[in-house]
Amino acid sequence: MSRRLTFAAEGYHPPPRGKGPLLLDAIRIAVGLVALIYAADRLVKSAVRISRAFGVSVVLIGAVIVGFGTSVPEFVVSAIAALEGELDLAVANVLSSNTSNLTLVLGSAALLTPIISRRRIIKREGALMFAAVGILTAFLANSWLSAWEGFVLLGLLGLAIWLMIRWSSDDPEAVMAQIKEVGDVDDDDAPKGRHAWRREVGKEILIGVAALVVTVIAADFLLDGVVGVGERFGLSAVFLGLITGVGTSLPEMAAGISAARHKEPELVLGNVLGSNIFNSLGVIGLAAVLGPGPLTEITVVPLALMVASALIAGVFSLSGQKIDRNEGAILLAAFVAYAVYAFV
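In this text, all values refer to a predicted model and were calculated from it rather than measured experimentally.

Conventions used here
- Residues numbered from 1 in each chain as written.
- Predicted model: local features only at pLDDT ≥ 70, side-chain atom pairs only at ≥ 80, totals over all residues.
- Heavy atoms only, no water.
- Helix = DSSP H or I, 4+ residues; strand = E, 2+ residues; numbered from the N terminus.
- Contact = heavy atoms within 4.5 Å.
- Areas by Shrake-Rupley, 256 points an atom, 1.4 Å probe, with all protein chains shown as cover.
- Phe/Tyr/Trp six-rings, centres within 6.5 Å; stacked < 30°, edge-to-face > 60°.
- Buried < 20%, exposed > 50% of the residue type's maximum accessible area, 1.4 Å probe, protein only.
- Polar contact = N/O pair within 3.5 Å; in protein donor to acceptor, adjacent residues only side chain to side chain.
- pLDDT = per-residue confidence, 0-100.
- Patch = residues over 30% accessible without salt bridge, like charges linked within 9 Å, V, L, I, M, F, W, Y side chains within 5 Å.
- Salt bridge = Lys/Arg side-chain N within 4 Å of Asp/Glu carboxyl O.

Participant: Would you mind going over the overall build of the protein chain with me for this structure?
Facilitator: When helices and strands are counted, the protein chain shows 13 helices and 4 strands. For the protein chain, the proportion of contacts with a sequence separation of at least 24, taken over those separated by at least 6, is 87%. Accessible area of the protein chain: about 14900 Å², with a carbon and sulfur share of 68%.

Structure below.
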């Protein structure tokens, strides 16, 4: 049940969000996006540093903590939307985020430097992402998400994490590069001495908790602003999902562009594939458990566009085992086409 419906059931009828000042909704969106991106990024860094301080394996950090961390914005936004009865918006956020990762993020990074893709990555992580997207599409085909489907998706996420951990153990150097790029840590970051260890770990725990709190508050700000604007102008959940989806994909885009500039193009593709796996299985699974119900605004078109973008990116990756600048421009054009469709 949405927040407004909950109030109405209790006998209180607040004015529609869309009737509030438009400038206030715009400020909520802007502040929510900026705070969400910064806080989520800081949360990932704290999680990586705490894990390394406690001696957690590099493979586990790279496959799970960093992979999960880049999807924290999607997790929080979709979870809050589902709790407030906005399941269409929660799902649209994931569909838009997945599509943006495969078009906007990969396309932008490819314009800077060709995205090299090892065939092993495409055969393993790529195949796993296609499976996750396919399962998600099948679950959404009947325009309904039930709690049991959510638990199934979360269970499949556990299986996917286990597979990624096994695969990451075969390539520790790539995992360490991922941790340094996304987590912003170096080999000598481990605290020296017992007191220094306690001080540094305590500091990172406090920062991590504060970042998590800010992430949740920022996501709620963002959703309030987006829903307010949507109700004012009668915008569809698909278009509102485009706004939140692109916003929650900005951490992946920043990491991708940074990796491309530092001549680590393989990290770009791995980051996108991992994020889409967590989004498709974990984010939608959590939303279905928290707020199951019908999907009235999610049609076959955004689903087809997400699958098509995955297929196009896959073909580009396999042809010559890289995504060149021309193909990057095509992916960016596909994102523009998706944005136009979402608006119309």
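Participant: Mind showing me how you'd approach unusual backbone geometry here?
Facilitator: Its identity is not glycine, yet Ser143 carries a phi of approximately 55°, on the positive side. Structurally, Ser143 is set in the loop between helix H6 (119-140) and strand S2 (144-145).

Participant: Whenever I open this one, the packing of aromatic side chains confuses me. Can you help?
Facilitator: When we look at a pair of aromatic rings, we describe it by the centre distance and by the angle of the planes. Following the criterion strictly, the structure yields 2 aromatic pairs and no others. Where Phe139 meets Trp148, the ring centres are 6.3 Å apart and the plane angle is 55°; that geometry is what we call tilted. You can call Phe139 buried: its relative accessible area is 16%. On the basis of relative accessible area, Trp148 is assigned to the exposed category, the value being 57%. Between the aromatic rings of Phe239 and Phe343, the centroid separation amounts to 5.3 Å while the plane-to-plane angle is 70°, which identifies the pairing as edge-to-face. Of this pair, Phe239 sits in helix H10 (residues 237-261) while Phe343 sits in helix H13 (residues 325-343), placing them 104 residues apart in sequence. Classification of Phe239 by relative accessible area gives buried; the value is 16%.

Participant: I would appreciate a short explanation of the side chain of Thr248 in the present structure.
Facilitator: Within the fold, Thr248 resides in helix H10. Its relative accessible area of 0% is what places Thr248 among the buried residues. A distance of 3.4 Å separates the side chain of Thr248 from the side chain of Asn93, its partner in a polar contact. Setting aside residues up to four positions removed in sequence, Thr248 forms contacts with Leu36, Pro73, Glu74, Val77, Asn93 and Ser97.

Participant: Is there a simple way to explain the confidence of the model for the protein chain in this structure?
Facilitator: Do not read the predicted coordinates in detail wherever pLDDT is low. Here the protein chain shows a mean pLDDT of 81. Residues at 70 or above account for 82%. Long-range and interchain partners of residues 1-18, a stretch whose pLDDT sits below 50, account for 26 contacts in this model, where long-range means more than four residues apart. In this model residues 187-191 is a low-confidence stretch, pLDDT under 50, and it forms 8 contacts with partners more than four residues away in sequence or in other chains.

Participant: Even after reading the chapter, I still don't get a nonpolar patch on the surface, so can you show me in this structure?
Facilitator: A cluster of nonpolar residues, Leu23, Ile27, Val31, Ile205, Val209, Val213, Ile217 and Phe221, forms a patch on the protein surface that exposes about 710 Å² of accessible area. Looking at the nonpolar patch, the elements with two or more residues in it are helix H2 (22-53) and helix H9 (194-233). Ranked by residue count, the leading element in the nonpolar patch is H9, at 5 residues. Residue classification places Val209 among the partly exposed positions, given a relative accessible area of 49%.

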